[in-house]
Amino acid sequence: MSDKTFLALAAALGYSISTVLIKQYSLNFAYLPAVLLVAVLVGTIAAEVFLLRQVNLALAYVAIIATETVLVLCYSFAIGEGLTRQEMAGAVFVLVGIALVSF
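Residues numbered from 1 in each chain as written. Predicted model: local features only at pLDDT ≥ 70, side-chain atom pairs only at ≥ 80, totals over all residues. Heavy atoms only, no water.

### As for the overall build of the chain
Here is step 1: The helix and strand tally for the chain stands at four helices and zero strands.
Here is step 2: Starting at the N terminus and ending at the C terminus, the chain contains elements arranged as α-α-α-α.
Here is step 3: Along the longest, intermediate and shortest principal axes, the C-alpha atoms of the chain span 40 × 35 × 20 Å.
Here is step 4: The contacts of the chain with a sequence gap of at least 6 include a subset with a gap of at least 24, amounting to 69%.
Here is step 5: With 4 positive and 5 negative side-chain charges, the chain shows a separation of 3 Å between the mean positions of the two kinds. (Helix = DSSP H or I, 4+ residues; strand = E, 2+ residues; numbered from the N terminus. Contact = heavy atoms within 4.5 Å. Lys, Arg positive; Asp, Glu negative; His and termini not counted. Charge placed at Lys NZ, Arg CZ, Asp CG, Glu CD.)

Dropping the structure here:
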């Protein structure tokens, strides 16, 4: 795995974890999710900055958003918040659009 791939995955994973922490914080106002959220976002920003030094913005954005979208959808299904058919169709359109833009 190249540095670029690792950094893109790290940024996407960081944004996905941030989404999970925001969800947890919205359910229960506790300090731990908020502190973890800040720490994860600092690491995510660092990964994205290093990635942007190696690739152009458009490529980095597409790679991060596509990976983050898939990870958040998987988490959504794992906690029992499935999608309606209309929402699923929208998600498919977004992923297909990202794939079309990236090639």
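From this point, the narrative continues.
### What about the packing of helix 1 (residues 3-27) against helix 3 (residues 57-78)?
Here is step 1: Following both chains from N to C, one finds helix 1 and helix 3 inclined at 40°, their axes separated by 8 Å at the closest point. Relative to helix 3, the element helix 1 lies oblique. The chirality of how helix 1 crosses helix 3 is right-handed. Contact residues: Ala-8, Leu-9, Ala-11, Ala-12, Leu-13, Tyr-15, Ser-16, Thr-19, Val-20, Lys-23 and Gln-24 in helix 1; Ala-63, Ile-64, Thr-67, Glu-68, Leu-71, Val-72 and Tyr-75 in helix 3.
Here is step 2: Considering only residue class, the contact of helix 1 with helix 3 consists of 12 nonpolar, four polar and two charged. (Axes fitted to C-alpha atoms, helices over the stretch in contact; angles between N-to-C directions. Parallel < 35°, antiparallel > 145°, perpendicular 65-115°, else oblique. Left-handed = near helix turned anticlockwise from the far one by under 90°. Nonpolar A, V, L, I, M, F, W, Y, C, P; charged D, E, K, R; others polar.)

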